[in-house]
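Report on the structure
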Amino acid sequence: MTKALFVNGSPRKKGNTAQLLLRAMDGAREAGAEVEMVNLYDRTLNYKGCMSCFACKLKGGKKGVCSFKDDLLPILEKAVSADVLVCGSPNYCSYPSAMLRAFMERLVFPAVNYSDYSKPVVLKRIHSATIYTMNCPNEELYRQMNYHSLMDTSALQLGMFGPTEILCSYDTYQFNNYDRYDAAGFNEPHKAEVRANIFPRDLERAYELGKRLVEQCQTE
């Protein structure tokens, strides 16, 4: 059975990013995959980014997966053995969240081949995607603010494992109650309108993404 792993790089388990990932899971499940969600901000997880131990580069050593033993190791082992991998993160200061960045360091670096950069050490082909959520109102401004370089560069690293996609959800509703916060730069009625009319479309895009990734695996 096709295995699909979904990695939530948001501290919120019910926020915009999580909702999109859950909907992508629905699509993957509908296509026949065995699905699992991991929340990187779960308090039971204690891990760091790459420790620069170079164990993954040792001659005769374990290749293709990080060897550093902490709470992230079992998740990394699931990621490199999955058929489908979907990561999600909000935009934090122009980058994916710190926890997702740490996950990506530990996932990607063991695949980098210091003897031949054109041939990454990939244990199996993975169909992947990254889902981003943000206050940025549209794709045009996303590019003007250089997010397509900063955010997409991180997401496209998954391309060394196989085909990868990026789904962006713009202008998301950030607070439960805008009146409580110093956020005069945002129009709450507009945000509520986007949440009511645009975000549901993003959820369906996520559903189709999850379904499509699984179906691509099944037809190879």
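Presented here is a report on the structure given in the accompanying data block. If you're wondering where the values come from, they're calculated on a predicted model, not measured in any experiment.

With that out of the way, let us pick up the sheet that holds strand β1 (residues 3-8). For sheets, the rule is that strands pair by backbone hydrogen bonds, running either parallel or antiparallel. With parallel pairing, the five strands of this open sheet are ordered in space as β2-β1-β3-β4-β5. Whereas interior strands pair on both sides, the edge strands pair on one side only; in this sheet they are β2 (34-39) and β5 (164-169). The mean angle between the axes of side-by-side strands here comes to 15°, regardless of whether they run parallel or antiparallel. Two strands pair when backbone bridges link them, and β1 and strand β3 (residues 84-90) are joined in this way by five bridges, in the parallel orientation. Within β3, the residue paired with Leu 5 across the bridge is Leu 85. Across the face of the sheet, helix α1 (residues 16-30) comes into contact with β1, β2, β3, β4 (127-133) and β5 while running at roughly 175° to β1. Its contacts with the sheet place helix α7 (residues 199-219) against β3, β4 and β5, and it is angled at close to 170° to β5.

Below, the discussion takes up the nonpolar core. Residues Val 7, Leu 40, Leu 85, Phe 103 and Leu 107 are the most contacted members of the largest nonpolar core, which totals 29 residues. Of all the secondary structure elements, the ones that give two or more residues to this core are β1, α2 (73-81), β3 and α3 (98-108). For this core, the element with the most residues is α3, which contributes six residues. Residues Phe 6, Leu 20, Ala 24 and Ala 31 belong to the second largest nonpolar core, which totals 21 residues.

Glancing now at the layout of surface pockets. Of the voids in this model, the largest pocket is the one considered here, and its volume is about 580 Å³. The element best represented in the lining of the largest pocket is α1, accounting for three residues. Its residues placed into classes, the lining of the largest pocket shows nine nonpolar, 12 polar and four charged.

Checked against the element boundaries, Ser 89 lands in strand β3. The class of Ser 89 is buried, set by a relative accessible area of 0%. A polar atom in the side chain of Ser 89 sits 2.8 Å from the backbone nitrogen of Ser 97.

Turning to the pairing of β4, a few remarks are in order. With respect to burial, β4 is a largely interior element, seven of its seven residues being buried. Note: β3 against β4, seven bridges, orientation parallel. Looking at β4, one finds that Val 84 is bridged to His 127. Where the polypeptide runs from β3 across α3 and back to β4, its parallel neighbour, the crossover connection is right-handed. Bridge count between β4 and β5: six bridges; the pairing is parallel. In the sheet register, Ser 128 faces β5, and the bridge partner there is Thr 164.

So, about the pattern of salt bridges. On inspection of all chains with the given rule, the structure shows 13 salt bridges. Between Glu 139 and Arg 143 there is a salt bridge; the shortest N-O distance is 3.7 Å. In this pair, Glu 139 and Arg 143 are both assigned in helix α4 (residues 139-144), four residues apart and thus about one turn of the helix distant. The salt bridge involving Glu 165 is made with Arg 212; its shortest N-O contact spans 2.7 Å. Highlighted residues: Glu 165 in strand β5 and Arg 212 in helix α7, separated in sequence by 47 residues. Residues joined in a network through salt bridges with shared partners are Arg 23, Asp 26, Arg 29 and Glu 204.

Calculation notes
Residues numbered from 1 in each chain as written. Predicted model: local features only at pLDDT ≥ 70, side-chain atom pairs only at ≥ 80, totals over all residues. Heavy atoms only, no water. Pairing = 2+ DSSP bridges. Helix = DSSP H or I, 4+ residues; strand = E, 2+ residues; numbered from the N terminus. Axes fitted to C-alpha atoms, helices over the stretch in contact; angles between N-to-C directions. Contact = heavy atoms within 4.5 Å. Core = buried A, V, L, I, M, F, W, Y, C linked by side-chain atoms within 4.5 Å. Buried < 20%, exposed > 50% of the residue type's maximum accessible area, 1.4 Å probe, protein only. 1 Å grid on protein atoms, 1.4 Å probe; cavity = no way out; pocket = protein on both sides within 12 Å on 5 of 7 lines; lining within 4 Å. Points joined across faces, edges and corners; volume = space filled by probe spheres on them. Nonpolar A, V, L, I, M, F, W, Y, C, P; charged D, E, K, R; others polar. Polar contact = N/O pair within 3.5 Å; in protein donor to acceptor, adjacent residues only side chain to side chain. Right-handed = clockwise from strand over helix to strand, strands pointing away. Salt bridge = Lys/Arg side-chain N within 4 Å of Asp/Glu carboxyl O.

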